[in-house]
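So the chains spell out like this:
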Amino acid sequence: MSSRLDENHLDTLDVEVEADLDIEAALAEFEAQERVRLGLEEQVEEQWTDAMTVPVFTASQRANTTLLVGGLTMAHDYLVEAGLRGIGYEVQSLEVPDNESLRYGKEFGNRGQCNPTYFTVGNLVKALCKIRDEQGLTEQEVVDRYAFLTAGSCGPCRFGMYVTEYRKALRDAGFDGFRVLLFQQAGGIKQATGEELGLVLNPEFFLTIGRALFAGDVINVMQYRLRPYELVAGSVDKAISQVKDEVYGELEKGGSVLKGLWRGRKILKNLEIDRTNAKPKVAVIGEFWAMTTEGDGSYHIQRFLEEEGAEVNIQVLANTLLYNLWEARHDTESRLQLRGADEAKFGLDGTDPYVTMAFLYIGELALRTVWQSFAKTLGLYGHKLPNMDEVASYGHSHYNVELRGGEGHLEVAKLILNVVKQKAHMTLSIKPFGCMPSSGVSDGVQSVITEILPEAIFCPVETSGDGAVNFYSRVQMYLFKARQRAQEEFQKTLDEYGVTREEVQAYIAKNGFGKNTYHPPHVTAGTSADLVHEVAPLMKAGFLKRVQIRAGRTVTRTTKVLTESVPRRAKTTAHAMRYAPAFARFLAGEIGDKAPSIKASWVKLFDQWTKPSDDELRQIEEAQQMSAVEMPRTARAKSVRSLRVMA
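These figures come from a predicted structure and were not determined experimentally. (Residues numbered from 1 in each chain as written. Predicted model: local features only at pLDDT ≥ 70, side-chain atom pairs only at ≥ 80, totals over all residues. Heavy atoms only, no water.)

Notes on the overall build of the protein chain
Filter applied, for reference: In this text, helices come from DSSP runs of H or I with a minimum length of four residues, and strands from runs of E with a minimum of two, each type numbered from the N-terminal end. Partly exposed describes any residue whose relative accessible area lies between the buried limit of under 20% and the exposed limit of over 50%, with all areas from a 1.4 Å probe on protein chains only and scaled to the type maximum. Here, residues are in contact when the closest pair of their heavy atoms is within 4.5 Å. Per-residue and other accessible areas were derived by the Shrake-Rupley procedure at a 1.4 Å probe size, with only the shown protein chains allowed to occlude residues.
When you go through the protein chain residue by residue, the secondary structure sums to 24 helices and eight strands. Looking at the protein chain as a whole, 43% of its 647 residues qualify as buried. In the protein chain, once contacts between residues fewer than 6 apart in sequence are set aside, the share between residues at least 24 apart is 75%. Accessible surface, the protein chain: about 34800 Å² in total, of which carbon and sulfur atoms supply 55%.

Encoded structure:
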């Protein structure tokens, strides 16, 4: 009986299982039919890999290939286009990334990227789509006729992955195989074809890029220095556009940038400027792209600040290059203290670190010399490039300079210097949403700085491509405080000298003092207050008194140079001279084959410098005799361990 029930029970279970299986099969068949009807046939997923890590760009392709450049300010991109045209390339600069670029970036880029990635990647895709549609080209024709030239890097920031993001988005947009070319300080574009390189990374290339970038720097600084105080709306923009055209023409024909800047200086002299209108000075710092771009990527922050009555103090590209040189110099000096040669990627194994250090110092000197010569030619006075050793000393007390990523210790140090040296009324730190080096690290330290320096007005803001209203509201809140401080500073300076704004205006108009490109010496944070400090003492003084005041100022400034600038430069020079002999030996070796007589002269000169005296020869001989005497093993081992082994 029990056995019969169990058999019946099992038969029932089998029927239920078969019914379940039939239902599953029916559902699967129905799903397959629906997929076919809706055009959703299953496709084999394939993991994308970057097959264009070594793009092919040969000399034979150069005449038929247009290089696209972009990613910096409008002035930089425009002048880089001219410079590369001047050395034989066909170049076209991209437009400033806008919200449409953001849409392209989010459509074709990976998810979870930072704001600069979406804007810059999307801007390139947008440009290629525009070229395709307006010129009636196919995607393959665009790939064959165009290439994108940009900078590459590595590190914890997403910037190291930009090139792969470009290529992935370009493939999904239909431009698979589009060439994204990188130029870096080390390395270049390596070709496996055996043909001559299409992009020749030689000294002429980098010198041309440097001239264009430095010219863009000084033009940008002058623009932001003049525009807040223009009397005729739009006059500065018009004049700056003409200045850029003058420099563009010189770069395009391979001429002198100085000539273009000098002609631009004459254009700027015709502007009508009134610096007696007190404005808060706002220093913009933060993540490199966010604080540099002038479009929707940073909500047009520079223009917004000016519309709100502020003067913007921008960061120039030369500052970043100086920071890179400082990093290399700092790391090389640290590695010199190791017991053995470091074999890491940036180690000293197989190199002469003393020659490396010499080149770093020479490179920094050349950078500063060229940049300042451009600035003075345009009429940009009073703008000094930062001393990176000083910046590091200020930043290291709160942010270890050995930590790298993003702007490193620069953001922290800049805030401290802006407050301590009264460089700005307010510091605005702008970065993409979720930027780890800037938002997560630097801003965390800045909260301590604002506790130590309560007079600091520090406004950290993030960009995400939307939310401009909230962004502007936050900036306005801090800007209100900065505006009050600037007005109080200006009025206090007027009261100190017993003059009014109208009297200062009248004196300037009568004496032609302080017009156009003139910039008063730095005393306080505000430009208007600095102007009063410069003008007011002369207003109520007679001829002899004015002569005395000017003489006193000359003495004061000369004394400052002698007591501060000269010792600092002497210290730097003395430190750099430690590496001069190594550089001289390197130079002699390089030119030896071409000029044996010069090499012989160098050898003779070094023999004179290094030839030991009779007393030194005697000491050397005694040391050699002592080394020939057998020492006990324990004593010899102890002496060896006590020696300091230098790399």
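Structural notes on the nonpolar core
Convention followed: As used here, the term nonpolar core means buried Ala, Val, Leu, Ile, Met, Phe, Trp, Tyr and Cys residues forming a set that is joined through side-chain atoms within 4.5 Å.
Counting 90 residues, the largest nonpolar core has Leu305, Met426, Leu428 and Val475 as the members making the most contacts within it. At 12 residues, the largest contribution of residues to this core is made by helix α7 (residues 203-226).

Description of the packing of aromatic side chains
Filter applied, for reference: Stacked, edge-to-face and tilted are the three classes for Phe, Tyr and Trp ring pairs, Trp counted by its six-membered ring, which pair at centre distances within 6.5 Å; planes under 30 degrees apart are stacked, over 60 edge-to-face, the rest tilted. Two conditions define a charge sitting above a ring: the NZ of Lys or the CZ of Arg must be within 6 Å of the ring centre, and it must be within 35 degrees of the ring normal.
This model, assessed by the stated rule, comprises 12 aromatic pairs. Arranged with centres 4.6 Å apart and planes meeting at 50 degrees, the rings of Tyr299 and Phe471 form a pair that is tilted. With Tyr299 in the loop between α10 (288-292) and α11 (301-307) and Phe471 in helix α17 (residues 468-497), the pair connects residues that are 172 residues apart, well separated along the chain. Ring centres of Phe471 and Tyr472 lie 5.9 Å apart, and the angle between their planes is 70 degrees; this geometry places the pair in the edge-to-face category. The buried category is assigned to Phe471, whose relative accessible area is 4%. Among the aromatic residues, those joined into a ring-pair cluster are Tyr299, Phe304, Phe471 and Tyr472. Between Arg103 and the ring centre of Tyr104, over which it is positioned, the NZ or CZ distance is 4.8 Å.

Side note on a positive patch on the surface
We apply this condition: Patch membership needs two things, relative accessible area over 30% and no salt bridge, and members are linked within 9 Å if like-charged or within 5 Å if nonpolar (Val, Leu, Ile, Met, Phe, Trp, Tyr). Salt bridge criterion: a side-chain nitrogen from Lys or Arg within 4 Å of a carboxyl oxygen from Asp or Glu. Charge counting follows a simple rule: Lys and Arg are positive, Asp and Glu are negative, and His as well as the terminal groups are ignored. Where a charge lies is defined by one atom per residue type, namely NZ (Lys), CZ (Arg), CG (Asp) and CD (Glu).
A cluster of like positive charges, contributed by Lys384, Lys560, Arg568 and Arg569, occupies part of the molecular surface. Its location among the elements puts Lys384 in the loop between α13 (353-378) and α14 (388-396).

Points about the packing of α14 against helix α15 (residues 410-420)
Quick reminder of the rule: The convention used is that axes are lines fitted to C-alpha atoms, helices contributing only their stretch in contact, and that angles between N-to-C directions extend from 0 to 180 degrees. Between 65 and 115 degrees an angle is taken as roughly perpendicular, under 35 as roughly parallel, over 145 as roughly antiparallel, and anywhere else as oblique. Think of it as three bins: nonpolar holds Ala, Val, Leu, Ile, Met, Phe, Trp, Tyr, Cys and Pro, charged holds Asp, Glu, Lys and Arg, and polar takes everything else, Gly as well.
For the pair α14 and α15, the least separation of the axes is 8 Å and the interaxial angle reads 95 degrees. In terms of orientation, α14 and α15 fall into the roughly perpendicular class. Listed contacts from α15 to Met388, Val391, Tyr394 and Gly395 of α14 are Leu410, Ala413, Ile416, Leu417 and Val420. In terms of residue class, the contact of α14 with α15 is built from eight nonpolar, one polar and no charged.

Digging into the sheet that holds strand β6 (residues 311-313)
Strand pairing in a sheet takes place through backbone hydrogen bonds and is either antiparallel or parallel in direction. Put simply, the rule reads: We treat two strands as partners when DSSP finds at least two bridges between them.
Taken together, the four strands give an open sheet; going across it, the order is β6-β5-β7-β8, and neighbouring strands pair in parallel fashion. Both outer strands of the open sheet, β6 and β8 (458-463), are each paired with one neighbouring strand and no more. Averaged over all neighbouring strand pairs, the angle between strand axes comes to 30 degrees, with direction disregarded. Inspection of the sheet shows strand β5 (residues 281-286) paired to strand β7 (residues 426-432) by five bridges, in the parallel sense. Its bridge partner lying in β7, Val282 is registered against Met426. In the packing of α15 onto the sheet, contacts are made with β5, β7 and β8, and the angle to β5 comes to roughly 165 degrees. Strands in contact with α17 are β5, β7 and β8; relative to β8, the strand with the most contacts, it is inclined by about 165 degrees.

Digging into empty space enclosed by the protein
Going by this rule: Both cavities and pockets are sets of points on a 1 Å grid over the protein atoms alone; in a cavity a 1.4 Å probe fits but cannot get out, in a pocket the set is open with protein on both sides within 12 Å along at least five of seven lines, and lining residues sit with an atom within 4 Å of a point. Grid points are joined across faces, edges and corners, and a volume is the space filled by probe spheres set on the points.
If you walk through the whole model with that rule in mind, you get two cavities of 30 Å³ or more. Reported here for the largest cavity is a volume of approximately 140 Å³. Along the walls of the largest cavity sit 15 residues, with Thr73, Asn220, Thr292, Ile314 and Gln315 positioned nearest its centre. The set of elements that each furnish at least two residues to the lining of the largest cavity consists of α7 and α10.

Examining the side chain of Arg167
So the rule is basically this: N or O atoms closer than or at 3.5 Å make up a polar contact, with two conditions inside protein: a donor-capable atom paired with an acceptor-capable one, and, for residues adjacent in sequence, both atoms drawn from side chains.
Tracing the backbone shows Arg167 in helix α6 (residues 162-172). Its relative accessible area of 7% is what places Arg167 among the buried residues. Among the polar contacts made by the side chain of Arg167, one reaches the main-chain carbonyl oxygen of Val180 at a distance of 2.9 Å.

Overview of the confidence of the model for the protein chain
Note the following rule: Along the chain, pLDDT gives the predictor's confidence residue by residue, from 0 to 100.
Per-residue pLDDT for the protein chain has a mean of 81; in total, 80% of the residues score no lower than 70. Predicted confidence for residues 1-5 stays below pLDDT 50, and this span has zero contacts to residues more than four positions away or in other chains. A low-confidence stretch, residues 185-194 stays under pLDDT 50, and its non-local contacts, those more than four residues away or across chains, total 15 contacts.

Digging into helix α12 (residues 317-335)
Operational definition: Given a helix with a known number of residues, its expected span is that number minus one, times 1.5 Å.
Here α12 spans 28 Å end to end across 19 residues, near enough to the 27 Å set by a 1.5 Å rise per residue. Listing the buried residues of α12 in full gives Leu317, Ala318, Asn319, Leu322, Tyr323, Leu325, Trp326, Glu327, Arg329, His330 and Thr332. Against α2 (74-86), α7, α10, α13, α14 and α15 lie the buried residues of α12.

A closer look at the pairing of strand β2 (residues 90-93)
Short version of the rule: Handedness of a crossover: with both strands directed away from the viewer, a clockwise path from the first strand across the helix to the second marks it as right-handed.
Across the two faces of β2 the burial differs, with Val91 and Ser93 buried and Glu90 and Gln92 not buried at all. Relative to β2, strand β1 (residues 66-69) is paired through four bridges, and the arrangement is parallel. Residue pairing in the sheet places Leu68 in a bridge with Gln92 of β2. Taking the sense of rotation as the criterion, the β-α-β connection linking β1, α2 and β2 turns out right-handed.

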